[in-house]
There are 2 protein chains.
Amino acid sequence: MRDGVQITLSIDAMGGDRGPAAVVAGIARSASKNPALDFIVHGNGAELEKLVRKRKVLRDRVEIRDVPGVVTMHDKPSQAMRRTDTSMRSAIDAVKDGEAQACVSCGNTGALMATSMIRLRKLDGVNRPAIACLWPSRNPQGFNVMLDVGADIRADARDLLQYAMMGASYARNGLGLETPRVGLLNVGTEEHKGRAELKEANELIENASDIGGYAFKGFVEGGDIPGDRVDVIVTDGFTGNIALKTGEGTAKLVGDLLKEAFKATPLSRIAALLALTSLKRLQKRIDPRRVNGGVFLGLRGTVVKSHGSADATGVSAAIKLAYELSASGFTDRLAARVASAVATSQNDGTS
Amino acid sequence: MRDGVQITLSIDAMGGDRGPAAVVAGIARSASKNPALDFIVHGNGAELEKLVRKRKVLRDRVEIRDVPGVVTMHDKPSQAMRRTDTSMRSAIDAVKDGEAQACVSCGNTGALMATSMIRLRKLDGVNRPAIACLWPSRNPQGFNVMLDVGADIRADARDLLQYAMMGASYARNGLGLETPRVGLLNVGTEEHKGRAELKEANELIENASDIGGYAFKGFVEGGDIPGDRVDVIVTDGFTGNIALKTGEGTAKLVGDLLKEAFKATPLSRIAALLALTSLKRLQKRIDPRRVNGGVFLGLRGTVVKSHGSADATGVSAAIKLAYELSASGFTDRLAARVASAVATSQNDGTS
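This one's a predicted model, so the numbers in the text were calculated from it and none came from an experiment.

Caption draft 1: Broad picture of the environment of B:Leu37. Within the secondary structure layout, B:Leu37 lies in strand 2 (residues 37–43). Taking the C-alpha atoms as reference points, B:Leu37 and B:Ser10, 27 residues apart in sequence, are found 11 Å from one another.

Caption draft 2: Highlighting the environment of A:Ile7. Residues and elements named next belong to chain A. Residue placement: Ile7 occurs in strand 1 (residues 7–12). The buried category is assigned to Ile7, whose relative accessible area is 7%. Sequence-wise, Ile7 and Val304 are 297 residues apart; in three dimensions their C-alpha atoms are separated by 15 Å. Dropping the residues within four chain positions of it, Ile7 is found in contact with Ala36, Leu37, Asp38, Gln101, Tyr323, Ser326 and Ala327.

Caption draft 3: Inspection of a positive patch on the surface at higher detail. Residues and elements named next belong to chain A. On the surface, Arg29, Lys33, Lys50, Lys54, Arg55, Lys284 and Lys320 cluster together to form a positively charged patch. With respect to the secondary-structure elements, Arg29 resides in helix 1 (residues 19–33). Note on Arg29: relative accessible area 36%, which makes it partly exposed.

Caption draft 4: Layout of the sheet that holds strand 2 (residues 37–43) of chain A. Residues and elements named next belong to chain A. Strand order in this open sheet of eleven strands is 3-2-1-4-11-10-5-6-9-7-8, and the pairing throughout is mixed. Edge positions in the open sheet fall to strand 3 (62–66) and strand 8 (215–220), since each of these has one partner strand only. For this sheet the average axis-to-axis angle between neighbouring strands, irrespective of direction, equals 25°. As paired strands, strand 6 (residues 143–147) and strand 9 (residues 232–234) are joined by three bridges and run parallel to one another. Bridged to Val145 within strand 9 is Val232.

Caption draft 5: Layout of the interface of chain B and chain A. Across the boundary between the two partners, chain B contributes 60 residues, which contact 60 residues of chain A. Surface buried jointly by chain B and chain A totals about 4,900 Å² across both partners, of which 70% is contributed by carbon and sulfur atoms. Across the pair B:Arg154 and A:Glu197 runs a salt bridge, and its minimum N-O distance is 3.9 Å. Contributions of two or more residues to the side of chain B that touches chain A are made by strand 5 (130–136), helix 7 (196–207), helix 9 (237–263), helix 10 (266–274) and helix 11 (276–286) of chain B. When residues of the side of chain B that touches chain A are assigned to their parent elements, the largest contribution, 20 residues, is made by helix 9 of chain B. Per-class residue counts for the side of chain B that touches chain A are 29 nonpolar, 17 polar and 14 charged.

Caption draft 6: Summary view of a negative patch on the surface. On the surface, A:Asp156, A:Glu200, A:Glu203 and A:Glu206 cluster together into a patch of negative charge. A:Glu203 sits in the exposed class, given a relative accessible area of 55%.

Caption draft 7: Spotlight on the domain arrangement of chain A. Residue and element names in this part refer to chain A. On domain assignment, one finds that chain A holds domain 1 (7–126 + 298–335) and domain 2 (130–288). When each unit is reduced to the centre of its C-alpha atoms, the spacing between domain 1 and domain 2 is 25 Å. Contacts between domain 1 and domain 2 engage twelve residues on the former and nine residues on the latter. Interface area for domain 1 against domain 2, summed over the two sides, is near 990 Å², with a carbon-plus-sulfur share of 66%. Area buried by domain 1 at its contact with domain 2 is led by Met113, Phe330 and Leu334, which between them contribute 36% of it. Of all the secondary-structure elements, those providing two or more residues to the side of domain 1 that touches domain 2 are helix 5 (109–120), helix 12 (312–327) and helix 13 (330–350). For the side of domain 1 that touches domain 2, the element with the highest residue contribution is helix 13, accounting for three residues. Across the side of domain 1 that touches domain 2, the residue classes tally to six nonpolar, five polar and one charged.

What counts, and where the lines are drawn
Residues numbered from 1 in each chain as written. Chains lettered and ligands numbered in written order. Predicted model: local features only at pLDDT ≥ 70, side-chain atom pairs only at ≥ 80, totals over all residues. Heavy atoms only, no water. Helix = DSSP H or I, 4+ residues; strand = E, 2+ residues; numbered from the N terminus. Buried < 20%, exposed > 50% of the residue type's maximum accessible area, 1.4 Å probe, protein only. Contact = heavy atoms within 4.5 Å. Patch = residues over 30% accessible without salt bridge, like charges linked within 9 Å, V, L, I, M, F, W, Y side chains within 5 Å. Areas by Shrake-Rupley, 256 points an atom, 1.4 Å probe, with all protein chains shown as cover. Salt bridge = Lys/Arg side-chain N within 4 Å of Asp/Glu carboxyl O. Lys, Arg positive; Asp, Glu negative; His and termini not counted. Charge placed at Lys NZ, Arg CZ, Asp CG, Glu CD. Pairing = 2+ DSSP bridges. Axes fitted to C-alpha atoms, helices over the stretch in contact; angles between N-to-C directions. Buried area = accessible area lost by both parts, 1.4 Å probe. Nonpolar A, V, L, I, M, F, W, Y, C, P; charged D, E, K, R; others polar. Domains from an automatic or database assignment.

This is the structure in structure tokens:
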């Protein structure tokens, strides 16, 4: 680090669908936009040397760690987390050892979470860590937070309460919302609908709103994920992951059909030219690459999971998110919030 | 009925967000497009008289049943299904009594399903009926089938197998696909991911593909719902309902942002005019009102649930769907398919 505000990020360059070239291109893009960033990059040393040398902007700002092992998308998390020779493990360890403030990886989500859990460990009081994503919405801040989107396929009422606390903290630090509005995802907004654990979670989250610093709005539905009723949507990792991928797939389908529509006739091709600026602004607003990065919450360290298929734009967005969270001291704030919630519930138990 | 091909539909005119006016407007729209349709309409007699009299196209084609009770969106299904004085009950009974070939309602989904189950009863061999919806997709037929989207919040492996059988039958009769491709919704396409009941269902559905007349493609993810990997997506009603509403909400957000983009500058307003035809075609393709209508599968009769907020276009789309299913003899075909599956599994059990 060159001075006090300098942030070092630890980047797993392997394991993404597009290989290390896309990752290094994303690093270069971020480096040229943000002089406060340095990098430790983990993966095949020779390949990385070659890629980094080509980018002038990366001179003296990248340290390469030559690590032979790669976790693939098909590796089982339980096996991958035991390997000590992988770029993923090396990237996480740099955060554990205090060399970097946050880790970014495009690799296998399950393996990344499992390795993060054994290397960084969970925050005191957290049972299941979660992955939070940002979602384009009708709210003034342009995005909502949804969690869990895939860290764990099950969550009981207490887990959902922790997700509410962590999601609210993320919205406060990541989106600048003083008192985020939190909703619990269900199939209906009426209280008699839905699963038993959701009714229990509904009460727990309501009762903890003071400690959590959020305003609880009760049950919300799938349509509220891109809506403006709440800022944070709480759900289990199975449902959240399917909602995330359904939303992405639908937005992409609409975008592709729109492109087709503009190619349909000579007149519509002229129209596309005239509306270019407005359409680009729209595309930027809904482009999943721009909000790329699932944040792992509930660990002693910040890990950002980039899309496996991320290109340079996507990787750069994930790096930006990791930088912002590091600069805001997010992990410490989240830890403090969770600790105070644990203390309060223990006091409740004894008094 | 005027002759052999004439179809009579039973319409619940009450309980939708926009009231009977929108329902009668939808009936009129369908009636003017399709001379083979007659209607029995259930609800407030005086109000319906007035609305129907205004539409010339409905003369001699609508029978009004004056029923005082209305099921609201907030009524509990378990209570609503016990009432004998509602337009919903009356509309379903007309199918039960053979006066109409199918029923359409914009009312409370849970109440409509509960009432349909006690009045029409389930097909032999069906444990949990399901609601199937059509979803805009990249497939040549333009739509995929997804079920269950909200009949029941839980489903075990045997229920998911029945959904696969019923969904495939619906895709064959509703979308004209000889051998529909079926996928089971999960958080990952690898076999080691996901919940235990999904692994079991995966095997059951695979083994029954010959009897069901479908090609099973294994696990699919949220992104495949609007995709082209499969034609039928099988899931439980909790997940399916959230995916459906997330997709609808996302498509609507993108559509609204697109409209804003075209209003942003004078140039983009001109562009919108030039691209009008292409954009309208796109809007029609992704407009949820055009694919309005969840079909209840697994009952001794066809019930189509229209969106609660449906306008005339939406109601007319639901009526069209009910007509097509009635004209193709879908309920009988589905019953035959389910019965053959039951017989086969019983033979398996004794041999």
